[in-house]
Amino acid sequence: MTLEGIGSRIPVSRDAADLADESMTFGDRLADRVAAIGGSWRFIIGFSLILAGWMLLNTDVLAHWHMAFDPYPYIFLNLLLSTLAAIQAPVIMMSQNRQAAKDRVAASHDYTVNLRTEVEIMALHEKWDRARLDEVEAKIDRVLSALERQQN
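Each chain carries its own residue numbering, running from 1 in the written order of its sequence. In view of the model being predicted, local features appear only for residues whose pLDDT reaches at least 70, and side-chain atom pairs are presented and counted only at 80 or more, with totals across whole chains, interfaces and linings using the full set of residues. The side-chain numbers reported here are obtained from all heavy atoms of the structure, hydrogens and water having been left aside.

**Re helix H4 (residues 41-64)**
Logical step 1: Numbering of helices and strands runs from the N terminus; a helix is a DSSP stretch of H or I covering at least four residues, while a strand is a stretch of E covering at least two. In this analysis, the expected span of each helix is defined as 1.5 Å times one less than the number of residues it contains. Counted at 1.5 Å a residue, the expected span for H4 with its 24 residues is 34 Å, and the 33 Å between its end C-alpha atoms agrees.
Logical step 2: Accessibility here uses a 1.4 Å probe with only protein chains present; expressed as a share of the type maximum, an area under 20% marks a residue as buried, one over 50% as exposed, and anything in between as partly exposed. Inspection of H4 places Leu51, Trp54, Asn58 and Leu62 among the buried residues, and these make up the whole buried set.
Logical step 3: Looking at the buried side of H4, the elements it contacts are helix H5 (75-151).
Logical step 4: Immediately beyond the C-terminal end of H4, within one or two residues, lies His66, with a positive phi of roughly 55 degrees. Any pair of residues with heavy atoms lying within 4.5 Å of one another is described as a contacting pair.

Here you go:
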């Protein structure tokens, strides 16, 4: 926003998150959701339970009947974890990049609001100074008038 736009007295206050969310694509929303889920304690605990269950199932339960589909070095589990990490890491990076862009929009918006506030405060100071000056001039005029009346 320029100074001309600030001078127009049109409100500029808007939620920066709403400004950024207006241009979100499906991929952006998906990346945010994956990052929100993958970065939660609920996911960590649930995923740990799944891993423990996988290992217990392949080490004790199915191995007892010689039916373990992924015995001890858990090669298939390692492949799945590597694939998950290879997919999840770039998606989380996309979400972080989008959050950085959202932060830049918020900073720009904050700057505009701060600039407008500063201009308005300067205008108020100018009006106040002008009013005080008018008041002082009126007092001087009254004193001068009183002095002239005393001299006459």
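**Here's the deal with the environment of Thr59**
Logical step 1: Its location among the elements puts Thr59 in helix H4.
Logical step 2: Taking the relative accessible area as the measure of exposure, Thr59 reaches 36% and is therefore partly exposed.
Logical step 3: Residues Thr59 and Asp70 lie 11 residues apart in sequence; the distance between their C-alpha atoms is 8.5 Å.
Logical step 4: Within the structure, the side chain of Thr59 is placed 2.7 Å from the backbone oxygen of Met55, a separation counted as a polar contact.
Logical step 5: For Thr59, the side chain forms a polar contact with the side chain of Tyr74, separated by 2.3 Å. Any N or O atom pair separated by 3.5 Å or less is treated as a polar contact, with the protein-specific requirement of one donor-capable and one acceptor-capable atom, and with residues adjacent in sequence counted only for side-chain atom pairs.

**Examining the packing of aromatic side chains**
Logical step 1: Only centres within 6.5 Å qualify two rings of Phe, Tyr or Trp (six-membered ring in Trp) as a pair; their planes then separate them into stacked at under 30 degrees, edge-to-face at over 60, and tilted for everything else. The full count for this structure, using the stated rule, is four aromatic pairs.
Logical step 2: Seen in terms of ring centroids, Phe43 and Phe47 are 5.4 Å apart; in terms of plane orientation they differ by 15 degrees. Their pairing is stacked. Of this pair, Phe43 and Phe47 both sit in helix H4, four residues apart, which is roughly one turn of that helix.
Logical step 3: Given a relative accessible area of 27%, Phe43 falls into the partly exposed group.

**Overview of the environment of Thr117**
Logical step 1: Looking at the secondary structure, you find Thr117 in helix H5.
Logical step 2: Exposure remark for Thr117: the relative accessible area of 39% places this residue in the partly exposed category.
Logical step 3: On a C-alpha basis, the gap between Thr117 and Leu49 in space is 54 Å, while along the polypeptide they are 68 residues apart.
Logical step 4: Among the polar contacts made by the side chain of Thr117, one reaches the main-chain carbonyl oxygen of Val113 at a distance of 2.8 Å.

**Some remarks on unusual backbone geometry**
Logical step 1: Although it is not a glycine, His66 adopts a positive phi angle of roughly 55 degrees.
Logical step 2: With respect to the helices and strands, His66 occurs in the loop between H4 and H5.
Logical step 3: Although it is not a glycine, Tyr74 sits at a positive phi angle of roughly 50 degrees.
Logical step 4: As for its placement among the helices and strands, Tyr74 is situated in the loop between H4 and H5.

**A few points about the pattern of salt bridges**
A side chain of one charge can pair with a side chain of the opposite charge if their charged atoms are brought near each other.
Logical step 1: In what follows, salt bridge is the name for a side-chain nitrogen of Lys or Arg lying within 4 Å of a carboxyl oxygen of Asp or Glu. Tallied over the entire structure, the rule returns three salt bridges.
Logical step 2: Across the pair Asp32 and Arg98 runs a salt bridge whose closest N-O atoms are separated by 2.2 Å. Taken together, the positions of Asp32 in helix H3 (residues 26-38) and Arg98 in helix H5 put the pair 66 residues apart, joining distant regions of the chain.
Logical step 3: Residue Glu126 is joined to Arg130 by a salt bridge in which the shortest nitrogen-to-oxygen separation is 2.8 Å. Of this pair, Glu126 and Arg130 both sit in helix H5, four residues apart, which is roughly one turn of the helix.
Logical step 4: Judged by its relative accessible area of 44%, Arg130 is partly exposed.

Shape descriptors only; they carry no functional weight alone.
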